[in-house]
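Remarks on the overall topology
Here is how the chains run, residue by residue.
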Amino acid sequence: MRKVIGIGETVLDIIFKNEQPIGAVPGGSVFNGLISLGRSGIHTAFISETGNDRVGRNIIQFLKDNHVGTDNISVYPETKSPVSLAFLNEQNDAEYIFYKDHPHDKLDFVYPDIQPDDIVMFGSYYAVNPVIRPQMQSFLEYARSHGAILYYDVNFRSSHKDEVMKLRANILENLEYADIVRGSKEDFEVMFNKEDADTVYRSQISFYCKNFIYTQGADPLEMRSAGGLSKQYPVMKTETVSTIGAGDNFNAGFIYGLIKYGITRGQIADGMTESQWDQVIAEAQQFSANVCQSISNSVDQSFADEKKRELEA
């Protein structure tokens, strides 16, 4: 049975509408996707860290309740678990304020078992953070040498815009490790000051990684592949309550699709067929649309149960 291993941050997301809190949910970019995959019957494990506080304990319990392995989460007694405030606007898009002590980040873990065609999901500031870069880099090396598929979600927020030059080498190295790269229009505006899918792919991505997904909110997403395919996909129309987790769950659905349709690392390297891309992106869009219909960061249980039945069929 193939597994998905995620490495990333954990936070408690406190969600505001009209300046008043309306909910608090455990989150984190890779975390949100793993919760959805765990609910959907995929074998998952998470590499991360929390503080030894009430928030940290709740986060670990939440992972266990959603069938995500927690053996590789380090708990640090002297650290407070991170919190983020997410303010929803009229379109239910979120603006974030993060409360996290990055200089105190650590990353000590035993490498999990990784088999060929298992999938490693990584991204966000966590994937480029200089403080834990040596550990991140050696883990990505380990995963690649064991035949894993590496899925990189750039997810580079404007709050780190002033660090782009300092982090550039780490970003490019991540692109090189990745078998598939996904990023949003905003990510590439912040990082490279470019906002057209073709320009970004040709000038920044294709030299390092041939498989590229470029999302732009409600506008059509763009795909470029190792096999030379280039395609645009309209975004599913959906009533949004909150767009928090939309991209994270796009990733989850894409990875679910790779497993459901038996797509291997070799097939990704040679170039997936157009019908394979169509199938996998359809799954990604279903996961993303579902999460927008609530203030949860992950897909709801009835959707996940349906996806579990599809896997078992």
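Data block above holds the structure.
The paragraphs below set out a description of the structure included in this document. Predicted, not measured: the structure shown is a model, and the values here were computed from it.

Another point: the sheet that holds strand 3 (residues 20-27). In spatial order, the strands read 3-2-6-7; together these four strands make up an open sheet with mixed pairing. Each having just a single partner strand, strand 3 and strand 7 (94-99) make up the two edges of the open sheet. With strand direction ignored, the average angle separating the axes of adjacent strands in the sheet is 20°. Two elements, strand 2 (residues 11-17) and strand 6 (residues 83-88), share six bridges in a ladder whose sense is parallel. Bridged to Asp-13 within strand 6 is Ser-84.

A separate point is the environment of Gly-56. Tracing the backbone through its elements, the reader meets Gly-56 in helix 2 (residues 54-65). Of the residues examined, Gly-56 reaches a relative accessible area of 1% and is grouped as buried. Between the C-alpha atom of Gly-56 and that of Lys-231, which follows or precedes it by 175 residues, the distance is 42 Å. If sequence neighbours within four positions are ignored, Gly-56 has contacts with Thr-50, Gly-51 and Ser-81.

Moving on, we get to the side chain of Asn-72. Considering the arrangement of structural elements, one finds Asn-72 in strand 5 (residues 68-76). Relative accessible area serves as the criterion here: at 12%, Asn-72 is assigned to the buried category.

A word on the sheet that holds strand 10 (residues 180-184). In spatial order, the strands read 5-4-1-8-9-10-11-12-13; together these nine strands make up an open sheet with mixed pairing. Among the strands making up the open sheet, the edge pair consists of strand 5 and strand 13 (230-233). Between one strand axis and the next, the sheet turns by 15° as a mean value, whatever way the strands run. Contacts from helix 5 (residues 185-192) reach strand 10 and strand 11 (212-216), with the element oriented near 90° to strand 10. Each of strand 1 (3-7), strand 8 (119-123), strand 9 (149-153), strand 10, strand 11 and strand 12 (219-224) is contacted by helix 7 (residues 246-260), which is oriented at about 160° to strand 9, the strand it contacts most.

Of note, Thr-264 is situated in the loop between helix 7 and helix 8 (265-270). Ignoring any residue separated from it by four or fewer positions in sequence, one finds Thr-264 in contact with Asp-117 and Ile-149.

Where helix 1 (residues 29-39) meets helix 2, the closest approach of the two axes is 9 Å, and the angle between their N-to-C directions is 35°. Packed against helix 1, whose contacting residues are Phe-31, Ile-35 and Arg-39, the element helix 2 presents Ile-59, Phe-62 and Leu-63 at the interface. Looking at the contact of helix 1 with helix 2, its residues break down into five nonpolar, no polar and one charged.

To continue, consider the pairing of strand 2. In terms of burial, strand 2 is a largely internal element, five of the seven residues being buried. Relative to strand 3, strand 2 runs antiparallel, the two being bridged by seven bridges. Within the sheet, the bridge partner assigned to Lys-17 lies in strand 3 and is Gln-20. Counted along the chain from strand 2 to the antiparallel partner strand 3, the turn is two residues long, and its residue Asn-18 has a positive phi close to 55°.

Summed over all chains, the structure comprises 14 salt bridges. For the salt bridge of Glu-163 with Lys-166, the shortest nitrogen-to-oxygen distance reads 3.6 Å. Through salt bridges with shared partners, a single network forms among Lys-260, Glu-283, Lys-307 and Glu-310.

Glancing now at unusual backbone geometry. Unlike most non-glycine residues, Asn-18 shows phi in positive territory, near 55°. Considering the arrangement of structural elements, one finds Asn-18 in the loop between strand 2 and strand 3. By relative accessible area, Asn-18 is classed as exposed at 65%. Unlike most non-glycine residues, Ser-124 shows phi in positive territory, near 65°. Topologically, Ser-124 is positioned in the loop between strand 8 and helix 3 (133-145).

All right, on to the pairing of strand 11 then. Counted residue by residue, strand 11 has five buried out of five residues, so it is predominantly covered. Neither face of strand 11 is left uncovered, since the one carrying Phe-212, Tyr-214 and Gln-216 and the one carrying Ile-213 and Thr-215 both have all their residues buried. The pairing of strand 10 with strand 11 spans four bridges and is parallel. Paired with Arg-182 across the two strands is Ile-213, which belongs to strand 11. Judged from the four bridges that link them, strand 11 and strand 12 form a sheet pairing that is antiparallel. Considered in strand 12, the bridge of Gln-216 is made with Asp-219.

Analysis parameters
- Every chain is numbered independently, its residues counted from 1 as its sequence is written.
- In keeping with the predicted nature of the model, local features appear solely for residues at pLDDT of at least 70, side-chain atom pairs appear and are counted solely at 80 or more, and the whole-chain, interface and lining totals rest on all residues.
- In computing side-chain values, all of the structure's heavy atoms are included and hydrogens and water are not.
- At least two bridges found by DSSP between two strands is the condition for calling them paired.
- Helical segments are the DSSP runs of H or I of at least four residues, strand segments are the runs of E of at least two, and each set is numbered from the N terminus.
- The axes are straight lines fitted to the C-alpha atoms, using for helices just the contacting stretch, and the angles between their N-to-C directions are given from 0 to 180°.
- When a residue's accessible area, from a 1.4 Å probe over protein chains only, is under 20% of the maximum for its type it is buried; when over 50% it is exposed; and in between it is partly exposed.
- What makes two residues a contact is simply this: any of their non-hydrogen atoms within 4.5 Å.
- When residue character is reported, Ala, Val, Leu, Ile, Met, Phe, Trp, Tyr, Cys and Pro are called nonpolar, Asp, Glu, Lys and Arg charged, and the others, Gly included, polar.
- Within this document, salt bridges are pairs made up of a side-chain nitrogen of Lys or Arg and a carboxyl oxygen of Asp or Glu, the two lying within 4 Å of each other.

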